[in-house]
Structure formats: C-alpha cells, structure tokens
Amino acid sequence: MVEFSVSSSTMKLYSHPMSSCARRVRLALNLKGLEYECINLTPLEDPELSKINPMGYVPALVDGTAVVSDSYAILLYLEEKYPQPALLPQDLMKKSINYQVASIVSSSIQPLQNTNIVNYIGEIVGPDEKIPWAQSHIRKGFVALEKLLVNYAAKYATGDEIYLADFYLAPQIYNAIYVYNLDMTEFPILLKLNKTYEETPSFQQIMVES
C-alpha cells in the first residue's frame, strides 16, 4: 500500500469491465455497502493507471490518501477497515477453505487463462491452441475446487452466506462458461454455485457488464 497525495471522501476503484480481478473487488464493495466511483480504463494502457499502480494492472483502490493494488490486498484492506459485513466466516476450517479457493483461482487458474497469456500462446503455438490452453488450465483448477468444496458448499461456496471464496469463484466460473466455453458437466458443485450467482442481483449486475 502506498500513500496518495489527493484525498477524497469517495473511494475510487480503477477497473476494467472484463477484469475478473476487478470484479472480485466490486462484489466485495457491494456486499459491504460501500460507496465508490468505478473508473473503467479502456485500454488498460491508460497513463492514469500507471500513476496509481506502477505495475499497470487493475484493480487499484484509492481510499482517501491510501492506494492499494491487487485484488487480494484490496479485499484484505477492506476487511480490516470495514469489517462488517464480514468477508470471512468465524469457523476456522471454513475460513481456511475460503483462503484456499482464493489461492487456487488467483495463482493456478486466472493467470494462465488471462487474455495476455492466451494471446501469447496463440502467437507462439498457433491460434487454434488458445482455447484448449485456457480450458486445460481452468479444468485442472476446477477439479481441485470441486473436491475442496464437496463438504462445505451449500447455497454459496462455504455455507449460506456470501464470503471471500464466492468473489473468486463467480468471475472465474463466468469466464469458463461464457468466454472459454468449458464443458461444466463434471463440476456439479460449481454449476450449482453459478446458478446461485446468476440469481443473486448484486452478482449478476457486475458479471454481465462488458
């Protein structure tokens, strides 16, 4: 986290409509009922972003004089500063499941199906390999998630309340189905969760934006 020279009473989230990382943060902001200005940068090479986040990635959150980059760091920051409603359950085991889901999606799935990586695969291997590449890595992660959630999933990923895991799962499942056309028949738990997300207005509003 860095300090930003301009203070404002309204949080600003630098985002992109199709960024699953930014969608995680927007879902959390909505759950906590926090007001914020969403600044969609298209293209992502917008020079304004590099002033906020030297890495040039979204999301980046400006909250008063504080600037926080990376969705995981932003979510933890929001949880510390605005603890209610909570992003994590009190039960220690369920909390650990939320952390594991977030880790699998953010480290083992999302980076490997990121548009930049998929396009690079198309350049060095061939355009016909782009979708199979993404599907392969998403499927591997989904196999792990399906096993991880088998004893915990209910209406949402770890029970009947929305928690951190749901913010990671909803955008990733959406990408799998609607961007990469992954066959989801072997993932009944994730399919059931996706149905719930699609029936949850606060989720659907953000997921359908493009």
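Everything quoted here is computed from the prediction, not taken from an experiment.

## A word on helix H4 (residues 92-109)
End to end, H4 covers 25 Å across 18 residues, agreeing with the expected 26 Å (1.5 Å per residue, within 8%). Along H4, the positions that sit buried rather than exposed are Ile97, Asn98, Val101, Ala102, Ile104, Val105 and Ile109. The buried side chains of H4 occupy one side of the element, clustering within an arc of 160° when seen end-on. Its side-chain oxygen at 3.2 Å from the backbone nitrogen of Met93, Asp91 defines the N-terminal cap of H4.

## Some thoughts on helix H3 (residues 71-81)
Note that an α-helix has 3.6 residues per turn; residues three or four places apart therefore point the same way. When H3 is considered as a whole, its buried residues turn out to be Ser71, Ile74, Leu75, Tyr77, Leu78 and Glu79. In this structure, the buried side of H3 is in contact with strand E2 (11-15), helix H1 (20-31), strand E4 (60-63), strand E5 (66-69) and helix H7 (164-179). The N-capping residue of H3, defined by a side-chain oxygen 3.0 Å from the backbone nitrogen of Tyr72, is Asp70.

## Digging into the pattern of salt bridges
Summed over the entire model, instances satisfying the criterion amount to four salt bridges. Glu79 is the partner of Lys32 in a salt bridge, and the nearest nitrogen-oxygen pair spans 2.8 Å. One end of the pair, Lys32, is in the loop between H1 and strand E3 (36-40); the other, Glu79, is in helix H3, with 47 residues separating them in the sequence. Classification of Lys32 as buried rests on a relative accessible area of 7%.

## Quick word on unusual backbone geometry
Following Val58, the chain continues into Pro59 via a peptide bond in cis, with omega recorded as 5°. With respect to the element layout, Pro59 can be found in the loop between helix H2 (47-52) and E4. Phi at Asp70 is positive, roughly 85°, even though this residue is not glycine. Relative to the helices and strands, Asp70 resides in the loop between E5 and H3.

## Details of empty space enclosed by the protein
Enumeration according to the criterion identifies one cavity of 30 Å³ or more in this entry. Approximately 50 Å³ is the volume found for the largest cavity. Taken together, Ala170, Tyr174, Asn194, Tyr197, Glu198, Phe203, Gln204 and Met207 make up the full set of residues lining the largest cavity. Per-class residue counts for the lining of the largest cavity are five nonpolar, two polar and one charged.

## Let's talk about a nonpolar patch on the surface
A surface patch of nonpolar side chains, about 280 Å² in accessible area, is lined by Met18, Tyr178 and Val179. Mapped onto the elements, Val179 comes out in helix H7. By relative accessible area, which is 39% here, Val179 ends up partly exposed.

## Quick look at the environment of Glu146
With respect to the secondary-structure elements, Glu146 resides in helix H6 (residues 130-149). The spatial distance from the C-alpha of Glu146 to the C-alpha of Thr158 is 12 Å, given a sequence separation of 12 residues. Here Glu146 is in contact with Glu186, Phe187, Pro188, Ile189 and Leu190, once residues within four sequence places are set aside.

## Let's talk about the packing of H6 against H7
Axis separation between H6 and H7 bottoms out at 12 Å; the angle between their running directions is 135°. In terms of their interaxial angle, H6 and H7 are classed as oblique. Here the hand of the crossing between H6 and H7 comes out left-handed. Across from Ile138, Phe142, Leu145 and Leu149 in H6, the residues of H7 making contact are Leu169, Gln172, Ile173 and Ala176. Looking at the contact of H6 with H7, its residues break down into seven nonpolar, one polar and no charged.

Rules of the game
Residues numbered from 1 in each chain as written. Predicted model: local features only at pLDDT ≥ 70, side-chain atom pairs only at ≥ 80, totals over all residues. Heavy atoms only, no water. Helix = DSSP H or I, 4+ residues; strand = E, 2+ residues; numbered from the N terminus. Expected span 1.5 Å × (residues − 1). Buried < 20%, exposed > 50% of the residue type's maximum accessible area, 1.4 Å probe, protein only. Arc of directions from axis to C-beta. Polar contact = N/O pair within 3.5 Å; in protein donor to acceptor, adjacent residues only side chain to side chain. Contact = heavy atoms within 4.5 Å. Salt bridge = Lys/Arg side-chain N within 4 Å of Asp/Glu carboxyl O. 1 Å grid on protein atoms, 1.4 Å probe; cavity = no way out; pocket = protein on both sides within 12 Å on 5 of 7 lines; lining within 4 Å. Points joined across faces, edges and corners; volume = space filled by probe spheres on them. Nonpolar A, V, L, I, M, F, W, Y, C, P; charged D, E, K, R; others polar. Patch = residues over 30% accessible without salt bridge, like charges linked within 9 Å, V, L, I, M, F, W, Y side chains within 5 Å. Areas by Shrake-Rupley, 256 points an atom, 1.4 Å probe, with all protein chains shown as cover. Axes fitted to C-alpha atoms, helices over the stretch in contact; angles between N-to-C directions. Parallel < 35°, antiparallel > 145°, perpendicular 65-115°, else oblique. Left-handed = near helix turned anticlockwise from the far one by under 90°.

These results come straight from atomic positions and should not be treated as a statement about function.
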